[in-house]
Amino acid sequence: MADLVVSRPEGLWCEAGGFFIDPWRPVDRALITHAHADHARPGSRRYLCSAEGAGVLRARLGAISLDTADWGKAIDVGGVRVSFHPAGHALGAAQIRLEHRGEVWVVSGDYRVEADRSCAAFEPVRCHVFVTESTFGLPVYRWAPQASVIGEILDWWRANAAEGRASLLHCYAFGKAQRLLAGLADALGASAGTAAEGGALAQAPGPIVCHGAVEAINRVYREAGVALPGTVPASALADRREIGSALVLAPPSAAGSSWARRFGDASDGFVSGWMQVRGARRRRALDRGFVLSDHADWPGLQQAIEATGAGRVIVTHGYEAVMVRWLRERGLDAQSFATEYGGDDDGAGEAPDVSAPDVSAPSTDSSVQGEAGQGATPEAPR
Ligand SMILES: [Zn+2]
Ligand SMILES: [Zn+2]
């Protein structure tokens, strides 16, 4: 029997159903896992995504011909039974399950296994073949719990505010920023009943300012029912005292812009999984790097793959070679797909220089760590 999904020049193709999944070129029919730019590209004739993801997909792609499916609801697409299941990565992010002639494939897109309230939690889906991402597929990547990272960010913000310096925190505008806002609101105790409508935070050191690109996505999250704390535009800051106590969320592209310069001698921070590797932080000349990713870490990838029960695993973007070898050593049928994913979110060009010694940091898995440390590691994700 032919494979249900193959890689073609346009994207991942399902011949039986006549559609592509996250195509990187315009096609007739595109099923979309999530609205990050490397997975959701403009120009296709018809789109299909999860109902939760519709708002943000439209915010990203504008007026498109879009169908949606509720979580877990099976629909027929060209004779293939298709359903969307939460990937825990960002609002609406889905794993796409395909069933045809008794065979089940799941295409993961991007996923994160630690749950938070900014999007539906990752759901393991049993399948025969699992197509997995591998953005952080090296043993060095192990995330601390989100609450402890949020605590570090709060400590940094409080210390800066005490010195009268703004805290300028760079993070991806879709997904990461909203996860931070929700996490900060929870940690700070939003005043009763008002956080959903943009109420004040009981113990915040100062106002939270969002760049326009972040605020546009905040709006979609709020419309989808995700309670985020009150945020203000930079223009609303009244005086030096307010500027000096603000936490400012801005996309990485705003670094060094005239927009960012209005905050004066701000402390610069960046939130990304890549911050786990010291070289990435050095190169950006940041005051602080915080390690928080919307992708699974190494144990998370293993856990997710195992939970599918799949006997065959196909690895897309990230450290494909390391992951494929690790899976084969465990007796699984593993291979990789060439794709054009890896951009915009944590997959963007923040990847560390993997020749740096930092990458062979302590690991409990000697077989794979050896490979990572010997320069056999593949090039950084695109
Ligand atoms: Zn993504
Ligand atoms: Zn991706």
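See the structure above.
Anyway, here's the lowdown on the structure attached to this text.

Helix and strand counts for the protein chain come out as 10 helices and 18 strands. Of all 382 residues assigned to the protein chain, the portion counted as buried reaches 57%. In the protein chain, once contacts between residues fewer than 6 apart in sequence are set aside, the share between residues at least 24 apart is 63%. As displayed, the protein chain offers around 14,500 Å² of accessible surface, 49% of which is attributable to carbon and sulfur atoms.

Within the largest apolar cluster, 48 residues are counted, with the highest numbers of intra-cluster contacts made by L57, I153 and L169. Those elements that place two or more of their residues in this core are β5 (46–50), α1 (54–61), α2 (146–162), α3 (176–188), β13 (208–210), α4 (212–223) and β14 (247–250). If you tally residues by element for this core, the top one is α3, at seven residues. Each residue touching I153, except ones within four places of it in the same chain, is listed here: L169, L180, L184, V271 and F290. V125, F136, W143 and M323 belong to the second largest nonpolar core, which has 32 residues in total.

Moving on, we get to helix α8 (residues 298–308). If you check which residues of α8 are buried, you get W298, G300, L301, Q302, A304, I305 and T308. N-cap assignment for α8: the residue whose side-chain oxygen lies 2.8 Å from the backbone N of G300 is D297. Taken from the residues just after α8, G309 is the one with a positive phi, measuring 70 degrees.

What follows covers the coordination of the zinc ion (ligand 2). Protein-derived ligands of the zinc ion (ligand 2) are H39 (NE2), D110 (OD), D110 (OD) and H317 (NE2), with the metal-ligand distances lying across 2.2 to 2.5 Å. Of note, the zinc ion (ligand 2) draws all its donor residues from one chain, in the sequence arrangement H-x70-D-x206-H. The distance between the zinc ion (ligand 2) and the zinc ion (ligand 1) is 4.1 Å, with D110 acting as a donor to both metals. Of this pair, H39 sits in the loop between β4 (29–31) and β5 while D110 sits in the loop between β10 (103–107) and β11 (129–134), placing them 71 residues apart in sequence. Pair check on accessibility: H39 and D110 agree, each one buried.

On to helix α9 (residues 320–329), then. Looking at α9, one finds that the buried residues are E320, V322, M323, V324, W326 and L327. Of the residues one or two after α9, G331 is the one with positive phi, at around 85 degrees.

All right, on to the environment of G331 then. With respect to the secondary-structure elements, G331 resides in the loop between α9 and β18 (333–336). By relative accessible area, which is 65% here, G331 ends up exposed. Considered as a pair, G331 and G311 are 20 residues apart in the sequence and their alpha carbons are 8.6 Å apart.

On to the pattern of salt bridges. The final tally for this structure, using the stated rule, is 17 salt bridges. The partner of E99 in a salt bridge is R81, with the nearest N and O atoms 3.6 Å apart. Here E99, found in strand β9 (residues 94–100), pairs with R81, found in strand β8 (residues 80–86); they are 18 residues apart in sequence, far enough to count as distant. The partner of R97 in a salt bridge is E99, and the shortest N-O contact between them spans 2.8 Å.

Conventions we followed
Residues numbered from 1 in each chain as written. Chains lettered and ligands numbered in written order. Predicted model: local features only at pLDDT ≥ 70, side-chain atom pairs only at ≥ 80, totals over all residues. Heavy atoms only, no water. Helix = DSSP H or I, 4+ residues; strand = E, 2+ residues; numbered from the N terminus. Buried < 20%, exposed > 50% of the residue type's maximum accessible area, 1.4 Å probe, protein only. Contact = heavy atoms within 4.5 Å. Areas by Shrake-Rupley, 256 points an atom, 1.4 Å probe, with all protein chains shown as cover. Core = buried A, V, L, I, M, F, W, Y, C linked by side-chain atoms within 4.5 Å. Polar contact = N/O pair within 3.5 Å; in protein donor to acceptor, adjacent residues only side chain to side chain. Donors = N, O, S within 2.8 Å, 3.2 Å for Na, K, Ca; no water. Salt bridge = Lys/Arg side-chain N within 4 Å of Asp/Glu carboxyl O.

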